[in-house]
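If you want the building blocks of each chain, they are given just below.
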Amino acid sequence: MIRIDGNLVSPGPGGVYNERMAQGYRVWDPYRSKLSALSMLDPTIDLTADMRVLYLGAANGTTVSHVADYVDVVYAVEFAPRPLRDLLAVSEKRKNIVPIAGDATRPDRYAPFVEMVDLLYQDVAQPDQAGILIKHIPFLKAGGTAILMLKTRSVDIRQTPEAVFAETITRLTDSGLRVVTSCWLEPYHHDHAAIVCGVDPAGMS
Amino acid sequence: MEYWFGSIDGTGVCRPADGGAPELLARVRSLVTDMRVFHPLTEELIEGCGIFSDRREYIRQLREVTILHAREVIADAAQEKDAELLQMVRMLDQMDEVINLLTERLVEWYQVTDPSFSSKSRKGAGRRILPRITKSRSPPLRGVAREIEELGEARKRLATEVSRRAGSVIPNMSELVGGLVAARIMARAGGLTPLSRMPGSSVQVLGAEAALFSHIRQGSPSPKHGLIFQHRRVHNAPREVRGQVARILAGKLAIAARIDFYRGSLDPDFIADAQERIDAASGGAQ
């Protein structure tokens, strides 16, 4: 991914959400976007031009728009009608975003629209975040990557973020995913962890 | 295997579905996909079909269908009859906040211009101070006071409209606790759909989230009532039975919400029955 003066940027027409521009590139603020934060903390995270991405929890499409600047196509799933409006507006300018109105807990409802992807990215405010990711493993190509942005506060506010994190890691590992790296998104986002998983070609059914 | 543009069988033979985006969407909606055996689309499958001239064309046509779908979902959500009522209630509560805030600030200002005035002597009478301030000697002060009064009028009209609409959107709930309280409860639940799926015990503490979570976390006493307290039969009930009244009323409200959601018309038998039960618990308190 492209960096200018230590700032992450993405190539594409600006004016999606009043983002700053730097030398013609769109500045991708790590304080607003968790994916940007993750890439600041872990520079090995990369988006490439041939990637197909399934993005769960697309929300208003701000992060989606940056991802779309880099990759081939983004399947952007969002459930709530209100952010969906903004997502549609963003998709109008970026023809490689496929906006999907759907509930991430029910992938069967939109499965016919989605193809196999290289990257599965999930950022949803739901209690069962590990379960949602596991349900989407069938969409992941062998050798593909899954990134879970774990909102520990949405899982269970009675447990400590660390406990939720540990439990999530166990569940993902038990489902045949291999945790590549994981980190907390401090100082950009509080009580949020990023878990990067890989699928082993052999381990998949 | 069924996909959005048609079906592909085990030997790779592809059957495109007929029609444009609306027909394709209707077809996808009718599909039942079993994720345990489903194979998502791959580039090879799509190319093997030969329906699309190239990848760009594939994405273009797919987008047509999914964007149509998203538009329908958005339109459906906006059309639900509780959507506007929800916004009106939230506006009403926000107006209350704003009016109080502005009045507070205005009184501070007025105190400086009128040394003989003390807000202590007229306890909690922000509203009653307003007419006095509109007669102040300072033109800008008078102007702002008049605007706040105007805002108060708008708030009153909005409140009337909220109760009127609640009477038609959530008739059974409105009959039990009055339109305004019924609408507030619905708004706090996030709409009629989520409210209709809520157990009575949740309805009882809607609006008392802070107390509820402190109860769950620290074991402080559980809240007896949330928004429901605004209803007279709850706040007028003797202390000893107030929790009981709140519980019974909440249970009936949860049923009323379901009738409102699924049937949408007033059920006089249910109402008569519920009122009797609630009145019995509250000891006929007015």
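Predicted model only: the values in this text are computed from it and were never measured.

Trainee: Just checking my understanding: could you explain the overall build of chain A for this structure?
Mentor: Looking only at helices and strands, chain A features six helices and 11 strands. Taken over the C-alpha trace, chain A has a radius of gyration of 16 Å; the compact-globule value for 205 residues is 17 Å, and the two agree within 12%. Seen through its principal axes, chain A has C-alpha atoms that stretch 45 × 40 × 35 Å. Buried residues in chain A amount to 54% of all 205 residues. Put simply, of all contacts in chain A between residues at least 6 apart along the chain, 56% involve residues at least 24 apart. For chain A, the exposed surface amounts to about 8400 Å²; the carbon and sulfur share of it is 51%.

Trainee: Explanation requested: the overall build of chain B in the structure shown.
Mentor: A count of helical and extended segments in chain B gives 14 helices and three strands. By the compact-globule yardstick of 19 Å for 286 residues, chain B is too spread out, its C-alpha radius of gyration being 28 Å. For the C-alpha atoms alone, the extent of chain B along its principal axes is close to 90 × 55 × 40 Å. For chain B, with 286 residues in total, the buried portion stands at 42%. Taking as baseline every contact in chain B between residues at least 6 positions apart, the subset at least 24 positions apart corresponds to 59%. Of the accessible surface of chain B, which amounts to about 15900 Å², a share of 52% is contributed by carbon and sulfur atoms.

Trainee: Got a minute to help me understand the sheet that holds strand 1 (residues 2-3) of chain B in this structure?
Mentor: Either a parallel or an antiparallel arrangement is found when strands of a sheet pair, and the pairing is made through backbone hydrogen bonds. Residues and elements named next belong to chain B. Spatially, 1-2-3 is the arrangement adopted by the three strands of the open sheet, whose pairing is antiparallel. Looking along the sheet, the strands with just one partner apiece sit at the ends: strand 1 and strand 3 (14-16). The pairing of strand 1 with strand 2 (residues 6-8) spans two bridges and is antiparallel. Paired with Y3 across the strands is G6, a residue of strand 2.

Trainee: Please explain the packing of aromatic side chains as it appears in this structure.
Mentor: The description of an aromatic ring pair uses the distance of the two centres, along with the angle that the planes make with each other. All names here are of chain B. In this structure the tally under the stated criterion is 13 aromatic pairs over all chains. Ring geometry for Y3 and F5: centres 6.3 Å apart, planes at 25 degrees, overall stacked. The exposure class assigned to F5 is buried, which follows from its relative accessible area of 4%. Here W4 and Y58 contribute two aromatic rings whose centre-to-centre distance is 5.5 Å and whose plane-to-plane angle is 55 degrees, an arrangement assigned as tilted. Of this pair, W4 sits in the loop between strand 1 and strand 2 while Y58 sits in helix 3 (residues 55-79), placing them 54 residues apart in sequence. Accessibility expressed as a relative area gives 0% for W4, which makes it buried. Put simply, the rings of Y3, W4, F5, F38, F52 and Y58 touch in pairs and so form one group of aromatic residues.

Trainee: Is there a simple way to explain the side chain of D42 of chain A in this structure?
Mentor: Residue and element names in this part refer to chain A. Topologically, D42 is positioned in the loop between helix 1 (34-41) and strand 5 (52-56). The buried charged residue D42 lacks any salt bridge, with R3 as its nearest oppositely charged partner at 8.1 Å. Within the structure, D42 has its side chain in polar contact with the side chain of T44 (distance 2.5 Å).

Trainee: Can you walk me through the pattern of salt bridges in this structure?
Mentor: Working definition: two side chains of opposite charge can pair if their charged atoms are close together. Here the structure, examined in full by the defined rule, presents 30 salt bridges over all chains. Note that E92 of chain A and R71 of chain B form a salt bridge whose closest N and O atoms lie 3.3 Å from each other. With E92 of chain A in helix 3 (residues 81-93) and R71 of chain B in helix 3, this pair bridges two chains. With its nearest N and O atoms 3.0 Å apart, the salt bridge here joins E161 of chain B to R165 of chain B. Taken together, the residues span about one helical turn, with E161 of chain B and R165 of chain B both in helix 6 (residues 139-169) at a distance of four residues. Among the residues examined, E161 of chain B registers a relative accessible area of 22% and is labelled partly exposed. Through salt bridges with shared partners, a single ionic network connects R52, D72 and E115 of chain A together with E43 and R55 of chain B.

Trainee: Explain the UniProt feature "binding site: S-adenosyl-L-methionine" (unreviewed entry) in chain A here, please?
Mentor: All names here are of chain A. When the UniProt feature table is mapped to this numbering, "binding site: S-adenosyl-L-methionine" (unreviewed entry) covers T62, T63, E78, F79, D103, A104, D123, V124, A125 and Q126. Note on placement: T63 falls in helix 2 (residues 62-70). When sequence neighbours within four positions are dropped, the list of residues in contact with T63 reads W28, S33, L35 and Y55. Given a relative accessible area of 55%, A125 falls into the exposed group. Beyond its immediate sequence surroundings of up to four residues, A125 is in contact with K151 and S154.

The rules behind the values
- Residues numbered from 1 in each chain as written.
- Chains lettered and ligands numbered in written order.
- Predicted model: local features only at pLDDT ≥ 70, side-chain atom pairs only at ≥ 80, totals over all residues.
- Heavy atoms only, no water.
- Helix = DSSP H or I, 4+ residues; strand = E, 2+ residues; numbered from the N terminus.
- Rg over C-alpha atoms; globule rule 2.2 N^0.38 Å.
- Buried < 20%, exposed > 50% of the residue type's maximum accessible area, 1.4 Å probe, protein only.
- Contact = heavy atoms within 4.5 Å.
- Areas by Shrake-Rupley, 256 points an atom, 1.4 Å probe, with all protein chains shown as cover.
- Pairing = 2+ DSSP bridges.
- Phe/Tyr/Trp six-rings, centres within 6.5 Å; stacked < 30°, edge-to-face > 60°.
- Lys, Arg positive; Asp, Glu negative; His and termini not counted.
- Salt bridge = Lys/Arg side-chain N within 4 Å of Asp/Glu carboxyl O.
- Polar contact = N/O pair within 3.5 Å; in protein donor to acceptor, adjacent residues only side chain to side chain.
- UniProt positions renumbered as here; feature names shortened; annotations may be inferred.

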